[in-house]
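A structural walkthrough
Letter by letter, the chains look like this.
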Amino acid sequence: MTKIEFVLDDKVLAATLDDTPAARDFASMLPLDLGLSDYHGIEKIADLPRALDTSGSPASYKPEGGDITVYAPWGNLAIFYKPFADSRGLVRLGAFVGPVDALLADGVASVHVRRVD
């Protein structure tokens, strides 16, 4: 597993990426500066610089709170802070190690995503 961090101001949120082609492709983009915005009161989303290679990924995924995913049809990163229904096109990349409360501020949250060596 690849260890990563989401840095928001003075807060650092630890996460791990799965050992999958899609997660490795995401890791190859790091470091990234993203603007996370709320979507439907269950997830934070951000546009990625390019589409991820999701070939070979399951057709759908049922996210839990703390999951880091990509919604392949739109190509955006989706970080779930609440569980959601099984969704076609959703691909799990990894998960946060602890709470994601720091991401829940109103408006767009500016985050820096980096690998941890």
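Look up a bit, the structure's there.
We now turn to the structure provided with this report. Values in this document were obtained by computation on a predicted structure and should not be read as measured data.

Brief notes about the overall build of the chain
A tally of helices and strands in the chain yields one helix and ten strands. For the chain, the succession of helices and strands along the chain, N to C, is β-β-α-β-β-β-β-β-β-β-β. On C-alpha atoms alone, the chain measures out to a radius of gyration of 13 Å, which is about the 13 Å that the 2.2 N^0.38 rule sets for 117 residues. By its C-alpha atoms, the chain is 35 × 35 × 25 Å across when sized along the principal axes. Pairs at least 24 residues apart make up 62% of the contacts formed inside the chain by residues separated by at least 6 positions. As displayed, the chain has an accessible area near 6,100 Å², and 52% of this comes from carbon and sulfur atoms. Separation of charge centres in the chain, based on 11 positive and 17 negative side chains, amounts to 3 Å.

Some thoughts on the sheet that holds strand S1 (residues 2-8)
The sheet built from eight strands closes into a barrel, its strands ordered S1-S2-S9-S6-S7-S4-S3-S10 with antiparallel pairing. Adjacent strand axes in the sheet meet at a mean angle of 35 degrees, parallel and antiparallel pairs treated alike. By the bridge criterion, five bridges tie strand S3 (residues 32-39) to strand S10 (residues 109-115) in an arrangement that is antiparallel. In the sheet register, Leu34 faces S10, and the bridge partner there is Val111. Helix H1 (residues 21-29) rests against S1, strand S2 (11-17), S3, strand S7 (76-80), strand S9 (90-96) and S10 of the sheet, and its axis sits at about 65 degrees to S9.

A word on the environment of Ala109
Here Ala109 shows up in strand S10. The spacing of Ala109 and Met1 is 108 residues in sequence and 26 Å in space, taken between C-alpha atoms.

Looking at the nonpolar core
Counting 30 residues, the largest nonpolar core has Ile4, Phe6, Phe26, Leu93, Phe96 and Leu103 as its most contacted members. Looking at this core, the element that brings in the most residues is H1, giving five residues. The residues touching Phe96, leaving out its near neighbours within four places in the chain, are Phe6, Leu13, Ala14, Ala15, Gly66, Ile68, Ile79 and Leu103. Counting five residues, the second largest nonpolar core, distinct from the first, contains Ile45, Ala78, Phe80 and Leu90.

Conventions we followed
- Residues numbered from 1 in each chain as written.
- Predicted model: local features only at pLDDT ≥ 70, side-chain atom pairs only at ≥ 80, totals over all residues.
- Heavy atoms only, no water.
- Helix = DSSP H or I, 4+ residues; strand = E, 2+ residues; numbered from the N terminus.
- Rg over C-alpha atoms; globule rule 2.2 N^0.38 Å.
- Contact = heavy atoms within 4.5 Å.
- Areas by Shrake-Rupley, 256 points an atom, 1.4 Å probe, with all protein chains shown as cover.
- Lys, Arg positive; Asp, Glu negative; His and termini not counted.
- Charge placed at Lys NZ, Arg CZ, Asp CG, Glu CD.
- Pairing = 2+ DSSP bridges.
- Axes fitted to C-alpha atoms, helices over the stretch in contact; angles between N-to-C directions.
- Core = buried A, V, L, I, M, F, W, Y, C linked by side-chain atoms within 4.5 Å.
- Buried < 20%, exposed > 50% of the residue type's maximum accessible area, 1.4 Å probe, protein only.

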